[in-house]
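# Understanding the architecture of this molecule
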Amino acid sequence: EIYSHNPKITMIGFEKIIIENYKNILNYQDILIRVNTHIGIIHIHGFHLVLTQMTKDDIMVTGMIETIDFEKNTEET
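Now for a quick tour of the structure. None of these values were measured; they are calculated from a predicted model. Position numbers for residues start from 1 in each chain and track the written sequence from start to end. Only residues with pLDDT of at least 70 get local features here, since the model is predicted, and only at 80 or more are side-chain atom pairs given and counted; chain-wide, interface and lining totals rely on the full set of residues. By convention in this description, side-chain values take in all heavy atoms of the structure and omit both hydrogens and water.

With that settled, consider the overall build of the protein chain. Scanning the protein chain from N- to C-terminus turns up zero helices and six strands. Labels follow the DSSP assignment, with helices taken as runs of H or I lasting at least four residues and strands as runs of E lasting at least two, numbered in each case from the N terminus. The N-to-C order of helical and strand elements in the protein chain reads β-β-β-β-β-β. Based on C-alpha atoms, the radius of gyration is set beside the globule rule, defined as 2.2 Å times the residue count to the power 0.38. Taken against the 2.2 N^0.38 rule, which gives 11 Å for 77 residues, the C-alpha radius of gyration of the protein chain at 12 Å falls within 12% of a compact globule. Along the first, second and third principal axes, the C-alpha set of the protein chain runs to 35 × 25 × 20 Å. Note on classification: 1.4 Å probe, protein chains only; a residue is buried when its accessible area is under 20% of the maximum for its type, exposed when over 50%, partly exposed between these limits. Scored against the burial criterion, the 77 residues of the protein chain give a buried share of 31%. Whether two residues are in contact is decided by their heavy atoms: any pair within 4.5 Å suffices. When contacts within the protein chain are restricted to residue pairs at least 6 apart in sequence, those whose partners lie at least 24 apart make up 40%.

Structural data, given as structure tokens:
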């Protein structure tokens, strides 16, 4: 697989999500986690959300995930 800055999102059921190629965490609450990526912001909404794993390349969020929203970056990269 060729490396790119595009995020890769893997969702396992409604209880686990893995995001690869993220930049940083913007917001961390048990009902909302906002993750900044090179192409925009990922909003994870739910209940009892926890960052269960975090490396420099990927993060894992567990909990009761209700919705995922995407906010596209409008700036030129």
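Pairing between side chains of opposite charge can happen when the charged atoms of each approach one another. In the sections that follow, a salt bridge refers to a side-chain nitrogen of Lys or Arg positioned within 4 Å of a carboxyl oxygen of Asp or Glu. Tallied over the full model, the rule gives one salt bridge. Between Lys56 and Asp57 there is a salt bridge, and its shortest N-O distance comes to 3.7 Å. A residue is classified by how much of its surface remains accessible, and Lys56, at 72% relative accessible area, is exposed.

Put simply, a nonpolar core is a bunch of buried Ala, Val, Leu, Ile, Met, Phe, Trp, Tyr and Cys residues held in one set by side-chain atoms that sit within 4.5 Å of each other. Ile17, Ile19, Tyr22, Ile33, Val35, Ile42, Ile44, Leu49, Leu51, Ile59, Val61 and Ile65 together form the largest nonpolar core, which totals twelve residues. For this core, the secondary-structure elements that each account for two or more residues are strand 2 (16–20), strand 4 (32–37), strand 5 (40–54) and strand 6 (58–72). Once you skip the residues sitting within four places of it in the chain, Ile33 turns out to touch Asn27, Tyr28, Ile42, His43, Ile44, Leu49, Leu51 and Val61.

Residue placement: Asp58 occurs in strand 6. Counting rule applied: Lys, Arg positive; Asp, Glu negative; His and chain ends not counted. Buried within the structure, Asp58 lacks any salt-bridge partner; Lys56 is the closest side chain of opposite charge, at an N-O distance of 9.6 Å. Residues contacting Asp58, with those up to four places away along its chain left out, are Ile19, Glu20, Tyr22 and Gln53.

Glancing now at unusual backbone geometry. Phi angles above zero are rare outside glycine, and Asn21 is one such case at about 65°. Relative to the helices and strands, Asn21 resides in the loop between strand 2 and strand 3 (22–28).

Inspection of the secondary structure assignment puts His43 in strand 5. You can call His43 buried: its relative accessible area is 13%. Measuring from C-alpha to C-alpha, the distance between His43 and Asp69 comes to 4.9 Å, with 26 residues separating the pair along the chain. Polar contact is the term for a pair of N or O atoms within 3.5 Å; when the atoms are in protein, one must be able to donate a hydrogen and the other to accept it, and sequence-neighboring residues count only if both atoms are side-chain atoms. A distance of 3.0 Å separates a polar atom in the side chain of His43 from a polar atom in the side chain of Glu71.

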